[in-house]
2 protein chains.
Amino acid sequence: MSQSIRTADIESFTRHCREHGMKITLQRVAIYRYLMESGAHPSTDDVFQALRDDFPGLSFDTINRTLMTFYQTGLIDIVESRTGVRRFDANMGSHSHMHCVSCGAMFDIDDPLPDHGCLPQADASGFELLGKNVVFRVICPTCRSSEGRSLREGSAWK
Amino acid sequence: MSQSIRTADIESFTRHCREHGMKITLQRVAIYRYLMESGAHPSTDDVFQALRDDFPGLSFDTINRTLMTFYQTGLIDIVESRTGVRRFDANMGSHSHMHCVSCGAMFDIDDPLPDHGCLPQADASGFELLGKNVVFRVICPTCRSSEGRSLREGSAWK
DNA sequence: TTTGTAATTAAGAATTACTCTTATTTAATT
DNA sequence: AATTAAATAAGAGTAATTCTTAATTACAAA
């Protein structure tokens, strides 16, 4: 699952920071590098746990703030949730996920989807379009097979 | 904005509950009715505030649990967020919103979007498809015009 | 109708996840 | 090297949601 980060990625990261007036700190590089390498959708706490050995001083708050800054400047993405833990993603390509409404699990959709249409209001109304996320509401195979059990047993999502 | 709820809606609500082994309580009817009539995207607290006069004993927790049960059985939808307040929606048609990554505001897209393609993996893999949500990542007109100001000034989203 | 029982509810405590405040440190510029 | 705005760490604070327990209620079966 883990991918090695390329020099080109770091170069474009550096360029992005400069363009947005963001200082290039050791912490930011470490956080971005981890997000790129993991290839997953880690939460702030996941990143915190993963980096705490190599960066003992790095705080949860700094990681969370940094990830939000990355998102707000369009460097990374947030995987939709229905509240719960916020998950980040360095893959800025077209995103599609399935969300099991029963257990809350998020599944990646491997196959690239066909184009999902354009954004009608954007140009006319002064919105700047950065990207798009698609989430399919589903019931996953596991939940389907255990259907009939009490709803209360299905605990709240993580 | 408010719409009057039809008998047919209550009938299909009743049917849905029976099909999912959910008891039809006064509280559940009141909550569903409010969601249908409001036509908006209320949070749990919005529903709580709106119903507290007519139903003094109805607790926040019951409302939240009920709305989650509705969602988990496919009766209502949750409007995507990137964490913050969870918002519910009784309109189960195709949903599209714009999310300003800078200030966190969610904008409805009025025009119905063209079809967004189908779900490639669903049938083959045993997922049951309930519906689909699309979110466009944007920078809203307000944030565009105030660009250049410090990122720190842009406080966390609500 | 009455009774049995599992589902539902209310209340408040607890938890989770995130955000703010303050003092200190640092990166990039001068 | 000095300057300064930005970034950081630590811990406190907050918002939102969920859990626990005991009481109540809807529905089904007798």
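Right above here is the structure, for reference.
Just so we're clear, the structure is a prediction, and the values are computed from it rather than from any experiment. (Residues numbered from 1 in each chain as written. Chains lettered and ligands numbered in written order. Predicted model: local features only at pLDDT ≥ 70, side-chain atom pairs only at ≥ 80, totals over all residues. Heavy atoms only, no water.)

Time to look at the pattern of salt bridges. When the charged atoms of two side chains lie near each other, side chains of opposite charge can form a pair. Scanning the entire structure with this criterion turns up 11 salt bridges over all chains. Between A:Arg65 and A:Asp61 there is a salt bridge, with the nearest N and O atoms lying 3.4 Å from each other. With A:Arg65 and A:Asp61 both in helix α4 (residues 60-72) and four residues apart, this pair spans about one turn of that helix. Across the pair B:Arg137 and A:Asp77 runs a salt bridge, and its minimum N-O distance is 3.0 Å. Taken together, the positions of B:Arg137 in strand β5 (residues 128-139) and A:Asp77 in strand β1 (residues 77-79) put the pair across two chains. Given a relative accessible area of 3%, B:Arg137 falls into the buried group. (Salt bridge = Lys/Arg side-chain N within 4 Å of Asp/Glu carboxyl O. Helix = DSSP H or I, 4+ residues; strand = E, 2+ residues; numbered from the N terminus. Buried < 20%, exposed > 50% of the residue type's maximum accessible area, 1.4 Å probe, protein only.)

All names here are of chain B. Taken across its six residues, strand β3 (residues 95-100) has six buried, putting it largely inside the fold. Where burial is concerned, the two faces of β3 agree: the one with His-95, His-97 and His-99 and the one with Ser-96, Met-98 and Cys-100 are both buried. For β3 and strand β4 (residues 106-108), the ladder comprises three bridges, and the chain directions are antiparallel. By the bridge assignment, His-97 is partnered in β4 with Asp-108. (Pairing = 2+ DSSP bridges.)

Right, let's talk about the protein's contact with DNA strand D for a bit. Around DNA strand D, a shell composed of 22 residues is seen, among which A:Thr25, A:Arg28, A:Thr62, B:Asp61 and B:Arg86 lie nearest. When the atoms of DNA strand D within 4 Å of the protein are sorted by group, sugar and phosphate make up 71%. Note that a phosphate oxygen of DNA strand D is positioned 2.7 Å from one of the side-chain N or O atoms of A:Arg28. Listing elements by their share of the surface near DNA strand D, those giving two or more residues are α2 (26-38) and α4 of chain A together with α4 (60-72) of chain B. In terms of residue count, the dominant contributor to the surface near DNA strand D is α4(A) (four residues). Each residue belonging to the surface near DNA strand D can be placed in one class, and the counts come to six nonpolar, eight polar and eight charged. (Near = heavy atom within 4 Å. Polar contact = N/O pair within 3.5 Å; in protein donor to acceptor, adjacent residues only side chain to side chain. Nonpolar A, V, L, I, M, F, W, Y, C, P; charged D, E, K, R; others polar.)

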